[in-house]
Amino acid sequence: MSISTNSFAAIVAVFSLLLLSSMQCHAQLSSTFYDRTCPNALNTIRTSVRQAVSSERRMAASLIRLHFHDCFVQGCDASILLDETPTIVSEKTALPNLGSARGYGIIEDAKREVEKTCPGVVSCADILAVAARDASTLVGGPSWTVKLGRRDSTTASHTLAETDLPGPFDPLDRLISGFANKGLSTRDMVALSGAHSIGQAQCFLFRDRIYSNGTDIDAGFASTRRRQCPQEDQNGNLAPLDLVTPNQLDNTYFKNLIQRKGLLQSDQVLLGGGSTDSIVSEYSNSPPAFASDFAAAMIRMGDISPLTGQNGIIRTVCGSIN
């Protein structure tokens, strides 16, 4: 079967267009996006984040989580920051965020400062991405080059926030598939779980685990955690996700899993005889491996379905549409 020159040229053109469209969202994000339009943007954001984290170390975990919870719902478009209105059902009130998502005010503060020098230029979605990176470095975690150029959504999805975010009781297969649905590998999922090296969880999220007398939890660890988490009431009592270095983003989280001291069920399932055991073991033995993979996974997470070019807007206030 022969193909004419014209037909061949047409096929090549179609493949070129397909390739271009698949690359476009990544090509439009660039680490130098604001170099000319707002050269001090990153320094301004860093100042706001540094002030917040120096006041409360836990805020570093909250800012990383906020970026994560944004990207998993509609992509990295700052939809999580939108407040409730007659036309918007806010993601803030979805169960995974209600009473636990924090740091909205820090992002608004950073946005307000950036607006003073570069009004209408820097998106809230990009501020979230930069804040997560800065938060990591301020608590001893890795740094990475943030790609920029995202725009902000005009919609939120309470429904997707209820369904697409991984939960504290999820089994391993559901965690793997949930991340895969966002274009993230199993290795990315394990690396990103390492963010639980910092931050705290509410009692009701780990109560069943510490009272289970299961073989996958260290008895002494469970006993210690029960002191601040009775079998009834005190649902909001907080416990550090990592008891050893609670304010440091490091690989201790993975060492804890090997000792059966993961606080959440969704943490400990990473070491339960499944496909992620070897990755947990690797990260527990190699801080550089974890740091490198965490940084790479955060970059890939920041690439999830960004709004670019003519799509989306630049919000003046992150909590509302202009």
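Quick caveat, the model's predicted, so the values are computed rather than measured.

## Some points on the side chain of Arg225
- With respect to the secondary-structure elements, Arg225 resides in helix α10 (residues 219–226).
- Nearest to the buried, unbridged Arg225 among oppositely charged side chains is Asp242, at 9.2 Å.
- In contact with Arg225, other than residues within four places in its own chain, are Phe206, Ile210, Ala239, Pro240, Leu243 and Leu263.

## Some thoughts on the state of the cysteines
- The tally for this structure, following the rule as stated, stands at four disulfides.
- Across the disulfide, Cys203 is cross-linked to Cys229 (sulfur-sulfur distance 1.9 Å). Classification of the bridge connecting Cys203 and Cys229 rests on its S-S torsion, roughly 75°, and on that basis the disulfide is right-handed. Placement of the pair is Cys203 in helix α9 (residues 203–210) and Cys229 in the loop between α10 and β2 (238–240), with a sequence separation of 26 residues.

## Regarding the packing of helix α2 (residues 41–55) against helix α5 (residues 124–138)
- As a packed pair, α2 and α5 sit with axes 9 Å apart at the nearest point and diverge in direction by 50°. Judged by the angle between their axes, α2 and α5 are oblique. In this structure, α2 meets α5 at a crossing whose hand is right-handed. For the pair α2 and α5, the contacting residues are Leu42, Ile45, Arg46, Val49, Arg50 and Val53 in the first and Ile127, Val130, Ala131, Arg133, Asp134, Ala135 and Leu138 in the second.
- In terms of residue class, the contact of α2 with α5 is made up of nine nonpolar, no polar and four charged.

## A short note on the packing of aromatic side chains
- In this structure the tally under the stated criterion is ten aromatic pairs.
- What links up through ring pairs into an aromatic cluster is the set Trp144, Tyr253, Phe254, Tyr283, Phe290 and Phe294.
- Between Lys92 and the ring centre of Tyr104, over which it is positioned, the NZ or CZ distance is 4.2 Å.

## Overview of empty space enclosed by the protein
- The full count for this structure, using the stated rule, is one cavity of 30 Å³ or more.
- In this model, the largest cavity occupies a volume close to 60 Å³.
- If you go around the largest cavity, the residues you meet are His67, Ala129, Trp144, Val146, Lys147, Arg150, Met298, Ile299 and Gly302.
- Each residue belonging to the lining of the largest cavity can be placed in one class, and the counts come to five nonpolar, two polar and two charged.

## Considerations on the UniProt feature "binding site: Ca(2+) 1" (unreviewed entry) in the protein
- UniProt's entry tags Asp70, Val73, Gly75, Asp77, Ser79 and Glu91 with the feature "binding site: Ca(2+) 1" (unreviewed entry), counted in the numbering of this structure. In terms of the greatest pairwise C-alpha distance, the residues named above, spread along 22 residues, form a tight cluster of at most 13.0 Å across.
- Beyond its immediate stretch of four places on either side in the chain, Asp70 contacts Gly75, Cys76, Asp77, Ala78, Ser79, Ile80 and Leu128.
- Take Asp77: it is sitting in the loop between α3 (58–71) and α4 (104–117).
- When sequence neighbours within four positions are dropped, the list of residues in contact with Asp77 reads Asp70, Ala125, Arg151, Asp152, Ser153, Leu307 and Arg315.
- Only 3.0 Å separates the side chain of Asp77 from the side chain of Ser79, close enough to count as a polar contact.

The rules behind each value
- Residues numbered from 1 in each chain as written.
- Predicted model: local features only at pLDDT ≥ 70, side-chain atom pairs only at ≥ 80, totals over all residues.
- Heavy atoms only, no water.
- Helix = DSSP H or I, 4+ residues; strand = E, 2+ residues; numbered from the N terminus.
- Buried < 20%, exposed > 50% of the residue type's maximum accessible area, 1.4 Å probe, protein only.
- Lys, Arg positive; Asp, Glu negative; His and termini not counted.
- Salt bridge = Lys/Arg side-chain N within 4 Å of Asp/Glu carboxyl O.
- Contact = heavy atoms within 4.5 Å.
- Disulfide = S-S within 2.5 Å.
- Axes fitted to C-alpha atoms, helices over the stretch in contact; angles between N-to-C directions.
- Parallel < 35°, antiparallel > 145°, perpendicular 65-115°, else oblique.
- Left-handed = near helix turned anticlockwise from the far one by under 90°.
- Nonpolar A, V, L, I, M, F, W, Y, C, P; charged D, E, K, R; others polar.
- Phe/Tyr/Trp six-rings, centres within 6.5 Å; stacked < 30°, edge-to-face > 60°.
- Lys NZ or Arg CZ within 6 Å of the ring centre and 35° of its normal.
- 1 Å grid on protein atoms, 1.4 Å probe; cavity = no way out; pocket = protein on both sides within 12 Å on 5 of 7 lines; lining within 4 Å.
- Points joined across faces, edges and corners; volume = space filled by probe spheres on them.
- UniProt positions renumbered as here; feature names shortened; annotations may be inferred.
- Polar contact = N/O pair within 3.5 Å; in protein donor to acceptor, adjacent residues only side chain to side chain.

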